[in-house]
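# Results of the structural survey
The lines below spell out each chain.
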Amino acid sequence: MTSKDSIKVNGLENGLRVDSRILEERIQRAVADGYRQIEVTAHGQHGIGGRLWQAGNDHVQVNVLGSSGQRLGSMGFPNTVIEVFGPASDDVGWLNAGAKIIVHGNATNGIANAMAQGKVYIDGDIGARGMTMTKHNPRFEPPELWVFGKVGDSFAEFMAGGIAVVCGVGAEKDRSVLGYRPCVGMVGGKIFFRGNQDNYSNQNAKLTINLPDEEWIWLKANLQEFLKAIGKQYLFDQLTAERNDWKILVARKPHEKTGKSLRNMTGYRREVWEKELGAGGLIGDLSNLDRSPIGLTPTGDLRRFVPVWENEKYLPPCQAACPTGIPVQKRWELIRQGKMDEAVDLALEYTPFPATVCGYLCPNLCMQNCTRGLVHLPPLDIALLGKASLDAKAPSPRKATGKKIAVIGGGAAGLSVAWQLWRAGHETVILENRKKLGGKITENIPKNRIPDEVVGHEIKRLAKNIRHIHLEKPLDRGKFQEIKDEYDYIVIAAGAGKPRKLPVSGMEKAVTATDFLKMSKRDKAKVGENVVIIGAGNVGCDAAAEASRLGAKNIILIDVQEPASFGVERKHAEAAGAKFLWPRFTKAITDKGVELTSGEIIPADTVIVAIGDLPDLSFLPEEIATTKGFIVVDDNFETSDKQVFAVGDVVKPGLLTEAIGAGRVAARNIDDLLNGIKEKYDKLPPFDFQRVHPEYFDPRKADFGDTGACASHCASCGACRDCGICENICPQNAIARKELDQGKFEYTVNNERCIGCGFCAGACPTGIWRLTGNLPLE
């Protein structure tokens, strides 16, 4: 963003005060638009100048005229300078994270409250509870509060870090410049002050009258900067003339704090317990075991909890949600390692359509279940990686087995199972009525959803390796038996190409969505201005979008229930101006349109029926079980005939990715049978996304321009990124990284050092560590 000239933002508009929220939005918008010099005329608005992160590393100057409200510069960002030409209200610099705030006047209560970074300069006095609950992250410079005058009561209360400097100008000679009872609860930081202070929390702070040389040098150097900022550099010599005028209060270390002595457990046992009950207490006559107190931080078997490194013990949410089972997270990991080709090629182990489906047609269930999205961060865009997979290289098949499998149907499910069986080294043949492979992908899905060349490229890659037999006539039971006699196994993946029809009068006046989309794909469909679509699922939405493309002006989708459509199909229909009505029940289709059971007639020139499709199973032998027009299969997609498997829409209507996943599972089971393997595949349980710590990821990243950006922001749920945070954060140095063969590694726990504190589990970005209860002692 190129920086622009200054801009003025007024807190008064048409004689009325602008709300604080609106004023902040205007300031934020000015920064986003490139302005780096902003003049704000305030009328009591809160939070002016805070959170200007959109400027990045650019310097931003915010000048405030008029009367600023509370929390000036709250959550201020580094490289922001906020200058107030007048006094300021409560909580200046609240939660300041790096801004420099200059107030040319007095300020009231709570100044620099909970500040973590940055500087606050006050050219005057401040009220009560200044510099309270401040903290200091040693990775950054400590926060600083500079006060030209004096401060109010309860100064530095619960101060945990930072530096305060109180010049005491204008204070009465015998009056305390730090107010009443400063430093209560103080555990960190220090306070330079000039003048008298006759009370402070001696339990929490200690007074040094003679400043050490290094403190005096620091004070003088930074005092010059402060005086210059408030326009009073001419007072430097006066304020530093007498070194003895300056004193310093420093937080006491834990071991220095005073208080009453406490009796330890050993003393209590000896002086009270055993004095009353005798040696050994209640069971002294039964046992002489050592009953001395266990240390506060027990290790080994005495720990209540133990950490467990559960690297890749669960399925990441993205992979668990993918019906095809593609290891999405592993692909992002490969990209982070610079192995883009491997990440792209890996998809072909799971699907022959990584670009067609993942890049264009899939509703991307992986993205919907991405942990980032579940914690209100933008999910990773798998479509980018899908589209990049167009150039994936076909893998080499295993050694030929001589086994033959016939796949009936060349749609998504059939091509998936054929692809996997070919990879396994089996001779696979696709038997298809149509000359062109692809099923609904090539025949029904509108052109605007996916470029023809993408589908053509991926089908060509598959067809180059797998034989396709074009059946000259529809398959019947006789031909099916011939195929069964010739091949070791048959997979039925014929799809559902028989449209359901409504049992109402006038159905012949309508066109089914399947037929309409096929004609539209071949540029042979025509529609009138008024189109009614019966059935508001995703197919109905595709029909609506195509009807709009062909010139329809008014499109209405009706359904007997709330429409089940979702994703890009629903968006395209809504973008086309389609209206959704439900519940609506069709009585008849007439020349005027669709007549409902309520008596209402919805005008229509074209009526499209989109209530689903059924498979044509007329070729199926009677011994293969069916129900409600679909083939019955078990979990392995095996039918009642052990030689016949079935996948895709002949089993159950579903998504393309579900059909592809079913094909992969069926192929795996057929391969096991051909190889004499009886293996049970236990799917790993899904990873609990709540174990991930999203705090490590930048919430300002709204979108991702390339696969590299996606990969770097992947939360790696349940998979160790070898960051070493657990090893570094462990207070007992109980965690160590161990190199394994083939470049692998693991993190191990020294049980004799580990105290079961859970720091590793609490700090792990990807949720690898789990704190679990220790085994009970026998």
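Above this text you will find the structure in question.
Overview of the structure. Being a predicted model, the structure only gives us computed values, none of them experimental.

## Comments concerning the overall build of the protein
Assigned secondary structure in the protein consists of 22 helices and 34 strands. C-alpha atoms of the protein, sized along the principal axes, occupy 110 × 90 × 50 Å. Here the contacts in the protein between residues at least 6 apart in sequence split such that 62% fall between residues at least 24 apart. Split by element, the accessible area of the protein, about 38700 Å² in all, is 50% carbon and sulfur. Separation between the mean location of the 98 positive side-chain charges and that of the 95 negative ones in the protein comes to 0 Å.

## Thoughts on the pattern of salt bridges
Following the criterion strictly, the structure yields 40 salt bridges and no others. Arg549 serves as the salt-bridge partner of Glu546, at 2.9 Å between the closest nitrogen and oxygen. Of this pair, Glu546 and Arg549 both sit in helix α17 (residues 538-549), separated by three residues, roughly a single helical turn. We classify Arg549 as partly exposed; its relative accessible area is 43%. In this structure, Lys738 engages Glu746 in a salt bridge whose closest nitrogen and oxygen atoms are separated by 4.0 Å. Connected through shared salt-bridge partners, Glu432, Arg434, Glu443 and Lys518 make up one network.

## Considerations on the packing of helix α8 (residues 354-361) against helix α14 (residues 452-463)
Relative orientation of the contacting elements α8 and α14 amounts to 150°, with a least axis distance of 8 Å. Considering their axes alone, α8 and α14 lie roughly antiparallel with respect to each other. In contact with Pro354, Ala355, Thr356 and Tyr360 of α8, α14 contributes Val454, Val455, Glu458 and Arg461.

## Observations concerning helix α18 (residues 567-575)
Note: α-helices contain 3.6 residues per turn, so residues at a spacing of three or four share the same orientation. Considered for burial, the residues of α18 that qualify are Glu569, Arg570 and Ala573. Down the axis of α18, the sector holding all buried residues measures 95°, keeping them to one side. Away from its buried face, by an angle of more than 90 degrees, α18 presents the exposed residues Lys571 and Ala575. Residues of α18 that are buried sit in contact with α17 and β23 (579-581).

## Notes on the packing of α17 against α18
Running from amino to carboxyl end, α17 crosses α18 at an angle of 35°, the nearest separation of the two axes being 8 Å. In this structure, α17 crosses over α18, and the sense of that crossing is left-handed. From α17, Asn538, Cys541, Asp542, Ala544 and Ala545 reach across to α18, where they touch Glu569, Arg570, His572 and Ala573. When the residues that make up the contact of α17 with α18 are grouped by side-chain class, the tally is four nonpolar, two polar and three charged.

## A look at the sheet that holds strand β12 (residues 205-208)
Strand order in the open sheet formed by 11 strands is β1-β4-β5-β6-β7-β8-β9-β10-β11-β13-β12, with mixed pairing between adjacent strands. Strands with a single pairing partner mark the edges of an open sheet, and in this sheet they are β1 (7-10) and β12. The mean angle between the axes of side-by-side strands here comes to 15°, regardless of whether they run parallel or antiparallel. By the bridge criterion, four bridges tie strand β6 (residues 80-84) to strand β7 (residues 97-103) in an arrangement that is parallel. Note on β7: the bridge partner recorded for Val81 is Lys100.

## What to know about the pairing of strand β11 (residues 188-194)
Strand residues, when the strand is regular, have side chains that alternate between the two faces of the sheet. Of all the seven residues making up β11, five are buried; the element is thus mostly covered by neighbouring parts of the structure. Judged from the five bridges that link them, strand β10 (residues 160-166) and β11 form a sheet pairing that is parallel. Bridging from a neighbouring strand, Ala164 pairs with Ile191 of β11. Pairing between β11 and strand β13 (residues 246-251): five bridges, direction antiparallel. Counted as the bridge partner of Arg194 is Trp246 from β13.

## With respect to a nonpolar patch on the surface
Residues Met265, Tyr268, Trp273, Leu277, Leu282, Ile283 and Leu286 make up a contiguous nonpolar surface patch of roughly 760 Å² in combined accessible area. Assignment of secondary structure puts Leu286 in the loop between α4 (265-277) and β14 (305-309). A relative accessible area of 69% means that Leu286 is categorised as exposed.

## Regarding the packing of aromatic side chains
Enumeration over the complete set of coordinates arrives at 12 aromatic pairs. Ring geometry for Tyr489 against Phe645: centres 6.0 Å apart, planes inclined by 70°, an arrangement best described as edge-to-face. Of this pair, Tyr489 sits in strand β18 (residues 489-492) while Phe645 sits in strand β31 (residues 644-646), and the two are 156 residues apart along the sequence. We note that Tyr489, like Phe645, is buried. Feature note: the residues Tyr121, Trp146, Phe192, Trp218 and Phe226 constitute an aromatic cluster, connected by ring pairs. Note that Lys387 overlies the ring of Tyr360, its terminal NZ or CZ placed 4.9 Å from the centroid.

## Considering the environment of Asp542
In this fold, Asp542 is placed in helix α17. In the structure, Asp542 is positioned 93 residues away from Arg449 in sequence and 9.3 Å away in space, judged by C-alpha atoms. Sequence-distant contacts of Asp542, defined by excluding residues within four places in its chain, comprise Pro446, Arg449, Leu517 and Glu569.

## Quick word on the sheet that holds strand β21 (residues 530-534)
Here five strands make up an open sheet; going across it, the order is β20-β27-β21-β22-β23 and the pairing parallel. Taken across any chain shown, the strands that pair with only one partner, and hence form the sheet edges, are β20 (511-512) and β23. Where β21 and strand β22 (residues 554-558) come together, five bridges link them in parallel fashion. Across the sheet, residue Asn530 finds its bridge partner in β22, namely Asn554.

## Regarding the environment of Ile101
Its place among the elements puts Ile101 in strand β7. For Ile101, a relative accessible area of 0% corresponds to the buried category. It is 9.5 Å that separates the C-alpha atoms of Ile101 and Val62, two residues lying 39 residues apart in sequence. In this structure, Ile101 is in contact with Leu72, Gly73, Ile82, Val92, Gly93, Asn96, Lys119, Val120 and Tyr121, ignoring residues within four places of it in sequence.

## Digging into the side chain of Gln61
In this fold, Gln61 is placed in strand β5 (residues 60-67). Apart from residues lying up to four places away in sequence, Gln61 is in contact with Arg36, Gln37, Ile38, Val81 and Glu83.

The rules behind the values
Residues numbered from 1 in each chain as written. Predicted model: local features only at pLDDT ≥ 70, side-chain atom pairs only at ≥ 80, totals over all residues. Heavy atoms only, no water. Helix = DSSP H or I, 4+ residues; strand = E, 2+ residues; numbered from the N terminus. Contact = heavy atoms within 4.5 Å. Areas by Shrake-Rupley, 256 points an atom, 1.4 Å probe, with all protein chains shown as cover. Lys, Arg positive; Asp, Glu negative; His and termini not counted. Charge placed at Lys NZ, Arg CZ, Asp CG, Glu CD. Salt bridge = Lys/Arg side-chain N within 4 Å of Asp/Glu carboxyl O. Buried < 20%, exposed > 50% of the residue type's maximum accessible area, 1.4 Å probe, protein only. Axes fitted to C-alpha atoms, helices over the stretch in contact; angles between N-to-C directions. Parallel < 35°, antiparallel > 145°, perpendicular 65-115°, else oblique. Arc of directions from axis to C-beta. Left-handed = near helix turned anticlockwise from the far one by under 90°. Nonpolar A, V, L, I, M, F, W, Y, C, P; charged D, E, K, R; others polar. Pairing = 2+ DSSP bridges. Patch = residues over 30% accessible without salt bridge, like charges linked within 9 Å, V, L, I, M, F, W, Y side chains within 5 Å. Phe/Tyr/Trp six-rings, centres within 6.5 Å; stacked < 30°, edge-to-face > 60°. Lys NZ or Arg CZ within 6 Å of the ring centre and 35° of its normal.

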